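What follows is each chain in one-letter form.
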Amino acid sequence: MSEKIRRFPSLSHWGAFTAVVAGGRLVDCEPFAHDSAPSGILRSMPAMVHSPLRVNRPAIRRGWLRDRHLSDGGERGRDDYVEVSWDVALAAVHSELQRVRSEYGSEAIFGGSYGWSSAGRLHHARTQTHRFLNAGGGCTNQAGNYSWGTAQFLLPHVIGSYTPVTGRVTDWNSVAAHTRLFIAFGGMPLRNTQITSGGAGDHPVAGQLERARAAGVEFVVISPTRRDIPAGLDARWIPIRPNTDAALMLAMMQALIADGIHDEAFLRTHCVGFDALRDYLEGRTDGIPKTPEWAQAICDVPATVIRELARQARDARTMLTCAWSLQRAHRGEQPYWACIALAAALGHIGMPGGGVAFGHASMNGVGNPRMEIAGPALESGRNPTGSVIPVARVTDMLLHPGQAYEFNGRESVYPDIKMVYWAGGNPFHHQQDLNRLNRAWARPQTIIAHEIWWTPMARRADIVLPATTTLERNDIGGSTRDRYVFAMHQALAPVGDSRNDFDIYRELAALGGYEQAYTEGRDEMAWVRHIYESMNKAWHDSGHEAPGFDAFWDQGYASIPEPERPFVLFEDFRQDPAAHPLRTPSGRIELYSEKIAGFGYADCPPHPAWLAPAEWLGSPVAARWPLHLLTPQPAGKLHSQMDGGKTSTDLKINGREALLISPEDAESRGIGQHDLVKVYNDRGACLAAAVIDAGLKPGVVMLPTGAWFDAADERLEVHGNPNVLTMDVGTSRLTQGSSAQSALVEVARWNEAAPVVRVLETPAIT
Ligand SMILES: Nc1nc2c(c(=O)[nH]1)N[C@H]1C(S)=C(S)[C@@H](COP(=O)(O)OP(=O)(O)OC[C@H]3O[C@@H](n4cnc5c(=O)[nH]c(N)nc54)[C@H](O)[C@@H]3O)O[C@H]1N2
Ligand SMILES: Nc1nc2c(c(=O)[nH]1)N[C@H]1C(S)=C(S)[C@@H](COP(=O)(O)OP(=O)(O)OC[C@H]3O[C@@H](n4cnc5c(=O)[nH]c(N)nc54)[C@H](O)[C@@H]3O)O[C@H]1N2
Ligand SMILES: [Mo]
């Protein structure tokens, strides 16, 4: 008898798909029919859903089972696990929550739970964690994100809003029709456009680039690597030293002013602070004119190239775009602010196809023609404690309870955390300086995680609760970057004894007597319907008729049409700044911010400036650590998700992550193709496989993120996780963002026996 094959509509952050199920197992993920460039990451899913790495049953760390909250937290990551029943696990979680809340108060529970979780919005684990903890009395939360947290807190001071960095920028139709010159700081790496937070029905970026190219748009990529130029784009490459873009941008602006060709009128009518910035550019404030020759010494880009590019950009309708990576670096405020200032001096802001944008190839859907209507979403509720830290400051908080810190004009004190609750994120992926995090991780009394797989996070928790994947539950997903919303049908029974995060929290809320506050009386399908209907109301109010819920659920998706008129960012503001002021204090673009001046931060002055990061190729420490390590997003996975999947492991070399290194740097160190190398600095060391790349600027090495953290001790991570090397300091006191892209290292051939990578094997469980 032939096996019955069944098909279910589904969705992931890497795209919509049809789940193909046979014999109770996921056998294939067929891309959504309307996706013009589906992501290969779909191929990793079937094996990972049924992987031996799944957490099958609730498990408790042996030391915690014995000594509960008095156990030695330093054993996390070393101890083995004991499987227990759901009743035992939930009772332990419940009594710990109660104990910590009554002994120390709710702010002693760290429930920030940063992480990407699922594309499904109902079962989005981080949102559910917040709903659950908020309903039970609150927690300490996290503000901002690793992706564009610096921009999130800077841009409101400068342009009155951070929404342009979420993708709401002058759209591709406007670019194809009007842009002549498109300058991409950080390039256009298409690997990153596989991903949309919340999922998508289409991956149009490659097609949009082709269309723009065919329409005659000229592309310039300013980046340390040629790999940031998509094949066929025929872009001009300007190699640059990492973390120096602000100097280049400021020098372009200085050159425009020196030649008298800057758009003085726009700078006067639509901006404030031009005089103060010009004083800085012309050297009146510090005696250093920010000329192209000055920038050449910093960026290693010839002064003639800087001058010509500035002139060319003034003459042609120009769009400037900054990859999000530029602001994920020490002093990452400066390139973003400098880019806005340069765009203002070029004078194309608010004109079709001109101005400034962020992250055109940082994520799928940036610059998509779209309606500005809310996508499907779940509310997380209010946090009664009000306690919140900047997201990337987690290690500081755990190490230094009671210590004061500054953030965006406020001074606060780190809370004293006794319990950590995490679902849908992997701090041993996302945080910088993992050896430091690992030390801090020993301090809380109890750490609880819901996980699908035995990730490094799960292996450092005291109580691990097995979560389902999206295939094992019903949900709804989509994002404002895309014009689709998707039904996600349950395709499989829960694997092992796993449960939905929602059901885990519902039972815990029932134990605590607040089930109604948490569920609001809705079960899974009532919530899916509710989310759809709230979204549908927003569609309706803006003149779009979506099908009723049942029709949507049957069809598997609903969509709204592309808008007819191209969107041009700041168009109305340009036409009439008095009638359409920005939401800045002055209503205009702030090239000088009185508000920021009032904060008195030397690490973020009131106008864009070149501030040398703590680590870059021009810093004194470069004498000892001569290579700048960049840690881009991985091509074969989303962060650390499904690192054991095929599209991820296919890119590893002998089971380790690949480090890109220039031929010059490899040769001077005696490193050959695919040699095992140690990448190291004062913070740590990891092993990786060398890949020699002639398209990489000498002095720069690149190791993508995402390899599951695998270290027996602080001396050596064996799998290629670059976050043992990165610097854990905030970008500045203004935004406290992640400085992931500012790290200096040395690389050496590894001549000893190669330690085995064990993290992708099933852990010890009894
Ligand atoms: N060096 C360096 N570090 C970086 C960056 C960098 O550029 N350089 N980039 C940073 C950026 S931009 C980001 S966004 C972060 C990403 O950091 P994270 O979002 O923390 O990384 P993920 O690997 O996506 O972690 C998601 C986790 O949630 C789990 N999960 C997925 N779905 C569910 C679910 O339904 N329920 C439960 N309980 N769990 C689920 C997955 O198994 C996975 O372990 O990393 C940051 N770290
Ligand atoms: N396949 C895949 N795609 C992803 C993700 C993933 O995990 N996997 N993660 C998604 C997420 S959460 C985010 S936030 C985005 C992040 O999007 P980005 O932050 O834009 O991504 P990165 O890959 O860190 O950096 C893009 C490029 O910037 C260049 N670059 C780095 N530093 C500098 C610099 O100082 N100057 C210049 N000029 N160039 C520099 C690097 O060459 C790099 O290839 O990616 C998203 N897309
Ligand atoms: Mo991100």
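All values reported here derive from a predicted model rather than from experimental measurement. (Residues numbered from 1 in each chain as written. Chains lettered and ligands numbered in written order. Predicted model: local features only at pLDDT ≥ 70, side-chain atom pairs only at ≥ 80, totals over all residues. Heavy atoms only, no water.)

## Observations regarding the nonpolar core
- Core analysis: the biggest nonpolar cluster contains 181 residues, and Phe185, Met253, Ile589 and Val747 have the highest contact counts within it.
- With residues up to four places along the chain from it excluded, the contact list for Ile589 reads Val158, Ile159, Phe266, His270, Cys271, Val272, Ile340, Ile349, Phe573 and Leu582.
- Counting 47 residues, the second-largest nonpolar core is a separate cluster that includes Leu133, Cys139, Tyr421 and Ile476. (Core = buried A, V, L, I, M, F, W, Y, C linked by side-chain atoms within 4.5 Å. Buried < 20%, exposed > 50% of the residue type's maximum accessible area, 1.4 Å probe, protein only. Contact = heavy atoms within 4.5 Å.)

## What to know about the site of ligand 2
- Around ligand 2 there are 34 residues in total, and Asp228, Asn243, Asp245, Ser362 and His639 lie nearest to it.
- Lys637 is positioned with one of its backbone polar atoms (N or O) 2.8 Å from a nitrogen atom of ligand 2.
- A total of 910 Å² of accessible area belongs to ligand 2 in isolation, and the protein chains cover 98% of it.
- For the shell around ligand 2, the residue count by class is 17 nonpolar, 12 polar and five charged. (Near = heavy atom within 4 Å. Polar contact = N/O pair within 3.5 Å; in protein donor to acceptor, adjacent residues only side chain to side chain. Areas by Shrake-Rupley, 256 points an atom, 1.4 Å probe, with all protein chains shown as cover. Nonpolar A, V, L, I, M, F, W, Y, C, P; charged D, E, K, R; others polar.)

## Concerning unusual backbone geometry
- The phi dihedral of Glu520 falls on the positive side, at around 55°, and the residue is not glycine.
- Structurally, the position occupied by Glu520 is in the loop between α18 (515-519) and α19 (524-541). (Helix = DSSP H or I, 4+ residues; strand = E, 2+ residues; numbered from the N terminus.)

## Re the state of the cysteines
- Enumeration over the complete set of coordinates arrives at zero disulfides.
- For the unlinked cysteine Cys299, the closest cysteine sulfur is that of Cys322, found at 13 Å. (Disulfide = S-S within 2.5 Å.)

## Considering the pattern of salt bridges
- By the definition in use, this model includes 51 salt bridges.
- Close ionic contact of Arg436 with Asp728 constitutes a salt bridge, the shortest N to O distance being 2.6 Å. You can see Arg436 sitting in helix α16 (residues 434-441) and its partner Asp728 sitting in the loop between β30 (716-717) and β31 (744-749), a full 292 residues away along the chain.
- The partner of Arg473 in a salt bridge is Asp501, with the nearest N and O atoms 3.9 Å apart. Taken together, the residues span a long stretch of sequence, with Arg473 in the loop between β19 (463-466) and β20 (475-478) and Asp501 in helix α17 (residues 501-512) at a distance of 28 residues.
- By sharing partners, the salt bridges in this structure join Arg61, Arg76, Asp79 and Asp462 into a single network. (Salt bridge = Lys/Arg side-chain N within 4 Å of Asp/Glu carboxyl O.)

## What about the packing of aromatic side chains?
- A complete count under the given rule lists 35 aromatic pairs for this structure.
- Between Phe486 and Tyr557 the ring centres are 6.3 Å apart and the planes differ by 40°, which places this aromatic pair in the tilted class. Of the two residues, Phe486 is situated in strand β21 (residues 484-488) and Tyr557 in strand β22 (residues 557-559); the sequence distance between them amounts to 71 residues. With respect to burial, Phe486 and Tyr557 carry one shared label: buried.
- Their ring planes at 70° and their centres at 6.3 Å tell us that Phe570 and Phe573 sit as a pair that is edge-to-face. (Phe/Tyr/Trp six-rings, centres within 6.5 Å; stacked < 30°, edge-to-face > 60°.)

## Description of the site of ligand 1
- Neighbouring residues of ligand 1: 33 residues in total, closest His430, Glu451, Asp501, Ser640 and Asn723.
- For ligand 1, an oxygen atom lies 2.9 Å from a polar atom in the backbone of Trp116.
- Within the side chain of Glu451, a nitrogen or oxygen atom sits 2.4 Å from an oxygen atom of ligand 1.
- Within the complex, 98% of the 920 Å² of free accessible area of ligand 1 lies under protein.
- Within the shell around ligand 1, the residues separate by chemical class into eight nonpolar, 21 polar and four charged.

## Digging into the sheet that holds β20
- Ordered by their spatial adjacency, three strands build an open sheet running β20-β21-β22, and the pairing between neighbours is antiparallel. On the outer flanks of this sheet lie β20 and β22, each paired with one strand and no other. Each strand of the sheet is rotated relative to its neighbour by a mean of 15°, with strand direction disregarded.
- Here α19 sits on the sheet and contacts β20, β21 and β22; the angle it forms with β20, its principal contact strand, is near 35°. (Pairing = 2+ DSSP bridges. Axes fitted to C-alpha atoms, helices over the stretch in contact; angles between N-to-C directions.)

## So, the packing of helix α3 (residues 86-104) against α17
- Look at α3 against α17: their axes get within 10 Å of each other, and the N-to-C directions meet at 60°. Here α3 lies oblique to α17, going by the angle between them. Considering how the two elements wind past one another, α3 and α17 form a crossing that is right-handed. Residue-level contacts link Trp86, Leu90, Val93 and His94 of α3 to Ile504, Glu507, Leu508, Leu511 and Gly512 of α17.
- Along the lines of polarity and charge, the residues of the contact of α3 with α17 split into six nonpolar, two polar and one charged. (Parallel < 35°, antiparallel > 145°, perpendicular 65-115°, else oblique. Left-handed = near helix turned anticlockwise from the far one by under 90°.)

## Quick word on α19
- Taking 1.5 Å as the rise per residue, α19 with 18 residues should run 26 Å; its terminal C-alpha atoms sit 26 Å apart, in good agreement.
- Inspection of α19 places Glu524, Trp527, Val528, Ile531, Tyr532, Met535, Asn536 and Trp539 among the buried residues, and these make up the whole buried set. Buried residues in α19, looked at end-on, bunch into an arc of 170°, giving them a common side. Of the residues in α19, the exposed ones pointing more than 90 degrees away from the buried face are Lys537 and Asp541.
- Two residues or fewer after α19 comes Gly543, characterised by a positive phi angle close to 85°. (Expected span 1.5 Å × (residues − 1). Arc of directions from axis to C-beta.)

## Here we look at the environment of Lys595
- Relative to the assigned elements, Lys595 resides in helix α22 (residues 594-599).
- Look at Lys595 and you get partly exposed, because its relative accessible area is 45%.

## Regarding the sheet that holds β19
- The mixed open sheet is built from six strands, whose spatial order is β5-β4-β19-β18-β17-β6. A single partner strand is all that each edge strand has here, and the edge strands are β5 (81-83) and β6 (109-110).
- Here three bridges tie strand β4 (residues 59-61) to β5, and the two strands are oriented antiparallel to one another. Bridging across to β5, Ala59 finds its partner in Glu83.

## Quick notes on the pairing of strand β16 (residues 410-413)
- In terms of strand pairing, strand β15 (residues 404-407) meets β16 through four bridges, oriented antiparallel. By the bridge assignment, Ala404 is partnered in β16 with Val413.
- Here β15 folds back onto β16 in antiparallel fashion, the turn holding two residues, of which Asn408 has a positive phi close to 55°.

## Some details on the side chain of His203
- By secondary structure assignment, the location of His203 is in the loop between β8 (181-185) and α7 (205-214).
- Within the structure, His203 has its side chain in polar contact with the backbone oxygen of Ala37 (distance 3.4 Å).
- The residues contacting His203, other than those within four sequence positions of it, are Trp14, Gly15, Asp35, Ser36, Ala37, Pro38, Ser39, Thr193, Gln194 and Asn364.

## Comments concerning the pairing of strand β18 (residues 446-451)
- Counting buried positions along β18 yields six of six residues, so the element is predominantly enclosed.
- The alternating pattern of β18 places Thr446, Ile448 and His450 on one face and Ile447, Ala449 and Glu451 on the opposite face, and all of these are buried.
- Note: strand β17 (residues 419-423) against β18, five bridges, orientation parallel. Across the sheet, the residue bridging to Val420 is Ile447, located in β18.
- In this structure, β18 lies alongside β19, joined through four bridges in parallel fashion. For Ala449, the partnering residue across the bridge sits in β19 and is Val464.

Fair warning: the whole summary comes from geometry, so function is off the table for now.
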